[in-house]
Amino acid sequence: MRNDVTLAGDRLVVEPRGLDKLWGLRRRIEVPLAQVRGATYDPEAFYAGKGLRAPGLALPNVKWVGTFFRDGQRTYWNVRRGGQTVVIELDAAPFARLYLSVEDGRALVDRINAAVIG
């Protein structure tokens, strides 16, 4: 697991773990739940095109950490190959999407979608 993701009140909080804070230049990402459209479980997301990296770390076939720009959208990636990847769609936030490796991807998706819909 490379990220701690929590729902705290009316906010979604992402905290990268270990050196990923340094490599991705992000200690924490906080987004109001009102700006979260939903989440999906996508273990194949690691292989998707990421776009231009700025700033961050890319170790192809191992891990991607940092901010990426593609098709005019800014995204944040902190994923490892073989990890349980969750994609969180955002609206009017600093990023269009967050791609995150987490411990229990399916359960996290269910929690986020329940909080957003309910």
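Before reading on, note that the structure itself is shown above.
Criteria and cut-off values
Residues numbered from 1 in each chain as written. Predicted model: local features only at pLDDT ≥ 70, side-chain atom pairs only at ≥ 80, totals over all residues. Heavy atoms only, no water. Helix = DSSP H or I, 4+ residues; strand = E, 2+ residues; numbered from the N terminus. Pairing = 2+ DSSP bridges. Axes fitted to C-alpha atoms, helices over the stretch in contact; angles between N-to-C directions. Contact = heavy atoms within 4.5 Å. Buried < 20%, exposed > 50% of the residue type's maximum accessible area, 1.4 Å probe, protein only. Salt bridge = Lys/Arg side-chain N within 4 Å of Asp/Glu carboxyl O.

**What about the environment of Pro55?**
Consideration 1: In this fold, Pro55 is placed in strand β5 (residues 52-59).
Consideration 2: Considering only alpha carbons, one finds Pro55 and Val65, ten residues apart in sequence, at a separation of 8.8 Å.

**Some thoughts on the sheet that holds strand β3 (residues 29-32)**
Consideration 1: One open sheet accounts for three strands, arranged β1-β2-β3; its pairing is antiparallel. The open sheet has two edge strands, β1 (3-8) and β3, and neither has a second partner. Here the strands of the sheet are splayed against their neighbours by 15 degrees on average, with no regard to which way each runs.
Consideration 2: In this sheet, strand β2 (residues 11-16) lies alongside β1 in antiparallel orientation, the contact comprising six bridges.

**Quick word on the sheet that holds strand β6 (residues 63-70)**
Consideration 1: Ordered by their spatial adjacency, six strands build an open sheet running β4-β8-β9-β7-β6-β5, and the pairing between neighbours is mixed. Only two strands of the sheet have a single neighbouring strand rather than two, namely β4 (36-41) and β5. Averaged over all neighbouring strand pairs, the angle between strand axes comes to 15 degrees, with direction disregarded.
Consideration 2: Along the sheet, helix α2 (residues 105-117) makes contact with β4, β8 (84-90) and β9 (97-102), crossing β4 at roughly 160 degrees.

**Describing unusual backbone geometry**
Consideration 1: Here Asp71, not a glycine, exhibits a phi torsion of approximately 55 degrees, which is positive.
Consideration 2: Positionally, Asp71 belongs in the loop between β6 and β7 (73-80).

**A word on the pairing of β7**
Consideration 1: Two elements, β6 and β7, share eight bridges in a ladder whose sense is antiparallel. When the sheet's bridge partners are listed, Trp64 is paired in β7 with Val79.
Consideration 2: The turn joining β6 and β7, which pair antiparallel and follow one another in sequence, is formed by two residues; a positive phi near 55 degrees is taken by Asp71.
Consideration 3: Relative to β9, β7 runs parallel, the two sharing four bridges. Each bridged residue has a counterpart across the sheet, and for Trp77 the counterpart in β9 is Tyr99.

**Overview of the environment of Leu12**
Consideration 1: With respect to the helices, strands and loops of the structure, Leu12 is situated in strand β2.
Consideration 2: Taking relative accessible area as the criterion, Leu12 reaches 0% and is therefore assigned buried.
Consideration 3: For Leu12 and Val31, which are 19 residues apart along the polypeptide, the C-alpha to C-alpha distance reads 5.2 Å.
Consideration 4: Sequence-distant contacts of Leu12, defined by excluding residues within four places in its chain, comprise Val5, Thr6, Leu7, Ile29, Glu30, Val31, Leu33, Val36, Ile88, Leu98 and Ile112.

**Re the pattern of salt bridges**
Consideration 1: With the rule as written, the count across this model stands at six salt bridges.
Consideration 2: The residue Glu30 makes a salt bridge to Arg11 at a minimum N-O spacing of 2.7 Å. Note that Glu30 is positioned in strand β3 and Arg11 in strand β2, a separation of 19 residues in sequence.
Consideration 3: Across the salt bridge formed by Arg70 and Asp71, the nearest N and O atoms sit 3.9 Å from each other.
Consideration 4: Among the charged side chains, a salt-bridge network with shared partners connects Arg11, Glu15, Arg28 and Glu30.

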